[in-house]
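# Observations on the model geometry
These are the residues of each chain, in order.
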Amino acid sequence: MRQRILVVGGLAAGPSAASKAKRINPDAEVILFEEGEHVSYGICEIPYYLSGSISDIQDINPMDPATLERTRGVNVKTLHSVEEILPVRKKIIARELEHNRVIEYSYDKLILTTGSTVRKLGVKGVDARNVFRVKSLADGIAIKRYVTEMKPRACVIIGGGYVGMELCETLRSLGINVTLLHLDDYPMTGLEQETREAVLAELTRHKVEFRPRQKVTGFNVGLDGCVKTVVTESGSFNADIVILSIGVEPNTSLASQIGIRLGRYNGIVTDERQVTNIDSIFAAGDCCEVKNVINNKFMYIPLATYASRQGRVAGENAAGGATVFKGVIRSIGVKVFDLEVAQVGLSLDESRDSGIDAEKMQVIADSNVKSYPGNRSVNIVAILDRRRRRIVGANVFGGPGTVLRANLLGLAIQQKISVEDISHLDLVYSPPFSPLWDPVLVLANQLRKE
Ligand SMILES: Cc1cc2nc3c(=O)[nH]c(=O)nc-3n(C[C@H](O)[C@H](O)[C@H](O)COP(=O)(O)OP(=O)(O)OC[C@H]3O[C@@H](n4cnc5c(N)ncnc54)[C@H](O)[C@@H]3O)c2cc1C
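First things first, this report covers the structure right here in the doc. (Residues numbered from 1 in each chain as written. Predicted model: local features only at pLDDT ≥ 70, side-chain atom pairs only at ≥ 80, totals over all residues. Heavy atoms only, no water.)

## So, the pattern of salt bridges
This is how it is decided: Take a side-chain nitrogen of Lys or Arg and a carboxyl oxygen of Asp or Glu: if they are within 4 Å of each other, that pair is a salt bridge. Numbering goes from the N terminus for both helices and strands, where a helix is a DSSP run of H or I of at least four residues and a strand is a run of E of at least two. In this scheme, a residue with accessible area under 20% of its type's maximum is buried, one over 50% is exposed, and one in between is partly exposed, where area comes from a 1.4 Å probe on protein chains only.
For the coordinates displayed, the defined rule picks out 23 salt bridges. For Glu 104, the salt bridge identified is with Lys 91, shortest N-O distance 3.7 Å. Of this pair, Glu 104 sits in strand β6 (residues 101–106) while Lys 91 sits in strand β5 (residues 91–96), and the two are 13 residues apart along the sequence. Residue Lys 91 is classed as partly exposed on the basis of its relative accessible area of 23%. Lys 360 is paired through a salt bridge with Glu 194; the nearest N and O atoms lie 3.1 Å apart. With Lys 360 in strand β23 (residues 358–366) and Glu 194 in helix α6 (residues 193–205), this pair connects stretches of sequence that are 166 residues apart. When salt bridges with common partners are traced through the structure, they connect Arg 89, Lys 91 and Glu 104 into a single cluster.

The structure is reproduced here in structure tokens:
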């Protein structure tokens, strides 16, 4: 009989899983359920769509359901919310949102790619007309419309993580005054102090008003249904528009109903084949935790790169293949105005918590030849495993080319290349791109010396 594979969730992991399953087993019937209107769009590009750097919405939403069906052979059901899984009967119950009708579907294999949800702020007024999240294409369209029609002059962004950074740049580029409220002393919690100070300096240089240690306690909402001020434990801030970027958590409500094993961060825990502990059910993407191969610990690192790759692995295995997702080191990059920032591997604290005899070292090197126009510095804050003489983590920040150096360090971390061997790498020297001694080589030489 024809195999039937159901996929729940249609953004990054889901379409990857569905397409791969169909490719591995072209005879299979693959059905993808998505509760929203759109599938497979570039959520990561939304800040650039809002700023106008990407002008055409089609560019971030090239794969409408019909195209996905035609090109990949996947049956796509948008505006369908999966409400229940019946694992013993191998069925799901989906609600067709347009007609409010409930339909049962049986499956041979089920792949959960339900993603993440924005953390709850839990204060009154959070649902006001001018409070937005950036979690879907619909959110992006709504913000764009509001900004175009209402022409806000003051924006309060709540949360100074990497999405918050991107939004600061977006809103400033539109000429809007930005106040950034953050719980901590410096933006980008989790990065090394040197990086966070550089990020703060860049925000300040671009006239973002950074307010540290701000816990939001409420919103003053006017008669028009819009927030007028954001109230915190220590102040209040005028706002014509409010954007929440307070992070996400795994969306595991379906999984937890049927006893799928969750980990420390409430994400689904799978094996390397993306198989859950429940028969015939796979999971991939932001609803899952990922194993960090440096310390072999499960972490919650919601990134599109992992979602897509895990989706492919889940799809292939569900369709009868045999492949694995080998884990991650964590590679994150963000542009904060003119500053490139990246983190690869573990932080100093995470390294020490993992029992690594770790120390931190910073080098500042040239991005390219000094005399070449546009020369900037590249700062590398490396975390060294002293016993094994290997790098286990790095923050890199600076001018153009910074993130590419982070990728190189990421490769060294993942492949466990020793500091000595890094110093022998054959890297490009060319005035526009790199000085005679690339920053990565400068770091390795410095580490060897010490
Ligand atoms: C502004 C922004 C910028 C980002 N930038 C980057 C970046 O530069 N690099 C990077 O690697 N990552 C980035 N990310 C993170 C990246 O977008 C996510 O990691 C990725 O989207 C995760 O994909 P996913 O498919 O696992 O989950 P999600 O994107 O959360 O998608 C899950 C989908 O499942 C649907 N769904 C959930 N439950 C059900 C149900 N019961 N029935 C039917 N459908 C359901 C949801 O509607 C949703 O469409 C960014 C995220 C944001 C918000």
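## Here's the deal with the site of the ligand
As a reminder of what qualifies: What makes a residue near a molecule or strand is one non-hydrogen atom of that residue sitting within 4 Å of it. Pairing of N or O atoms within 3.5 Å defines a polar contact, subject to two protein rules: one partner must be a possible hydrogen donor and the other a possible acceptor, and residues neighboring in sequence count only if both atoms are side-chain atoms. For the area figures, the Shrake-Rupley method with a 1.4 Å probe applies, and any residue is considered shielded solely by the protein chains shown. Each residue receives one of three labels: charged for Asp, Glu, Lys and Arg, nonpolar for Ala, Val, Leu, Ile, Met, Phe, Trp, Tyr, Cys and Pro, and polar for the others, Gly being one of them.
Surveying the vicinity of the ligand reveals 32 residues, the closest of which are Glu 34, Ile 43, Lys 135, Asp 286 and Leu 303. Residue Ala 12 places a main-chain N or O atom 3.0 Å away from an oxygen atom belonging to the ligand. Ser 116 places a polar main-chain atom, nitrogen or oxygen, 3.1 Å from an oxygen atom of the ligand. The protein chains hide 87% of the 1000 Å² of surface that the ligand would expose on its own. Looking at the shell around the ligand, the elements that each hand over two or more residues are β2 (29–34), β4 (80–86), α5 (162–173) and α8 (304–318). Here the shell around the ligand is built from residues that sort into 16 nonpolar, 11 polar and five charged.

## A word on unusual backbone geometry
Although it is not a glycine, Gln 274 sits at a positive phi angle of roughly 70°. Along the chain, Gln 274 falls in the loop between α7 (253–257) and β18 (281–283).

## A short note on helix α12 (residues 439–449)
Cut-off, in case you're wondering: Between two residues, a contact is recorded if the distance between any of their heavy atoms is within 4.5 Å.
Within the sequence span of α12, burial applies to Pro 439, Val 440, Leu 441, Leu 443, Ala 444 and Leu 447. Looking at the buried positions of α12, the neighbouring elements they touch are β23, β24 (377–385), β25 (390–398), α10 (402–414) and α11 (419–423). In this structure Asp 438 caps α12, since a side-chain oxygen of it lies 3.0 Å from the backbone nitrogen of Val 440.

## Observations regarding the environment of Arg 153
Considering the arrangement of structural elements, one finds Arg 153 in the loop between α4 (137–150) and β10 (154–158). Here Arg 153 falls in the exposed class, since its relative accessible area comes to 65%. Between the C-alpha atom of Arg 153 and that of Ile 143, which follows or precedes it by 10 residues, the distance is 14 Å. Filtering out sequence-adjacent residues up to four positions away, Arg 153 remains in contact with Ile 176, Asn 177 and Asp 240.

## Brief notes about the side chain of Gln 274
Among the residues examined, Gln 274 registers a relative accessible area of 1% and is labelled buried. Polar side-chain contacts of Gln 274 include one of 3.5 Å to the side chain of Thr 270. The residues contacting Gln 274, other than those within four sequence positions of it, are Phe 282, Ala 283, Ala 284, Cys 288, Gln 310, Val 313, Ala 314 and Phe 325.

## Focus: a nonpolar patch on the surface
Operational definition: The patches reported here contain residues having more than 30% relative accessible area and no salt bridge. Joining distances are 9 Å for like charges and 5 Å for nonpolar side chains (Val, Leu, Ile, Met, Phe, Trp, Tyr).
There is a patch of nonpolar side chains on the surface, built from Tyr 429, Leu 436 and Trp 437 and spanning about 370 Å² of accessible area. Counting through the fold element by element, Leu 436 comes out in the loop between α11 and α12.

## Some thoughts on the sheet that holds strand β21 (residues 331–336)
Convention followed: Following DSSP output, two strands are said to pair if at least two bridges run between them. Every axis corresponds to a line fitted to the C-alpha atoms, with the helix fit spanning only the stretch in contact, and the corresponding angles, defined between N-to-C directions, vary from 0 to 180 degrees.
The strand order across the open sheet formed by five strands is β21-β22-β25-β24-β23, and the pairing between neighbours is antiparallel. Edge positions in the open sheet fall to β21 and β23, since each of these has one partner strand only. Neighbour to neighbour, the strand axes of the sheet diverge by 15° on average, direction disregarded. Of the pairings in the sheet, the one linking β23 to β24 comprises nine bridges and is antiparallel in character. Counterpart to Ala 365 in the pairing with β24 is Val 378. Against the sheet, α6 engages β21, β22 (339–345), β23, β24 and β25, with an angle of about 160° to β22.

## Details of the nonpolar core
Stated formally: Here, the term nonpolar core denotes a set of buried Ala, Val, Leu, Ile, Met, Phe, Trp, Tyr and Cys residues that are joined through side-chain atoms within 4.5 Å.
Counting residues in hydrophobic clusters, the biggest one holds 38 residues, and the most contacted among them are Leu 203 and Val 336. Aside from chain neighbours lying at most four places away, what touches Leu 203 is Met 165, Cys 168, Leu 180, Pro 187, Val 208, Phe 210, Val 336 and Phe 337.

## So, the packing of aromatic side chains
As a reminder of what qualifies: Each Phe, Tyr or Trp ring (for Trp, its six-membered ring) is paired with any other whose centre lies within 6.5 Å, and the angle between the two planes then decides the class: stacked below 30 degrees, edge-to-face above 60, tilted in between.
Tallying each qualifying case throughout the model produces two aromatic pairs. Where Phe 33 meets Tyr 105, the ring centres are 4.9 Å apart and the plane angle is 70°; that geometry is what we call edge-to-face. Note that Phe 33 is positioned in strand β2 and Tyr 105 in strand β6, a separation of 72 residues in sequence. Taking the relative accessible area as the measure of exposure, Phe 33 reaches 1% and is therefore buried.

## Notes on the sheet that holds β5
Spatially, three strands are ordered β4-β5-β6 in an open sheet, and the strand pairing comes out antiparallel. The open sheet is flanked by β4 and β6, the only strands paired with a single partner. Taken over all neighbouring pairs, the strand axes of this sheet differ in orientation by 25° on average, direction set aside. Here β4 pairs with β5 via six bridges, running antiparallel. In the sheet register, Ile 85 faces β5, and the bridge partner there is Ile 92.

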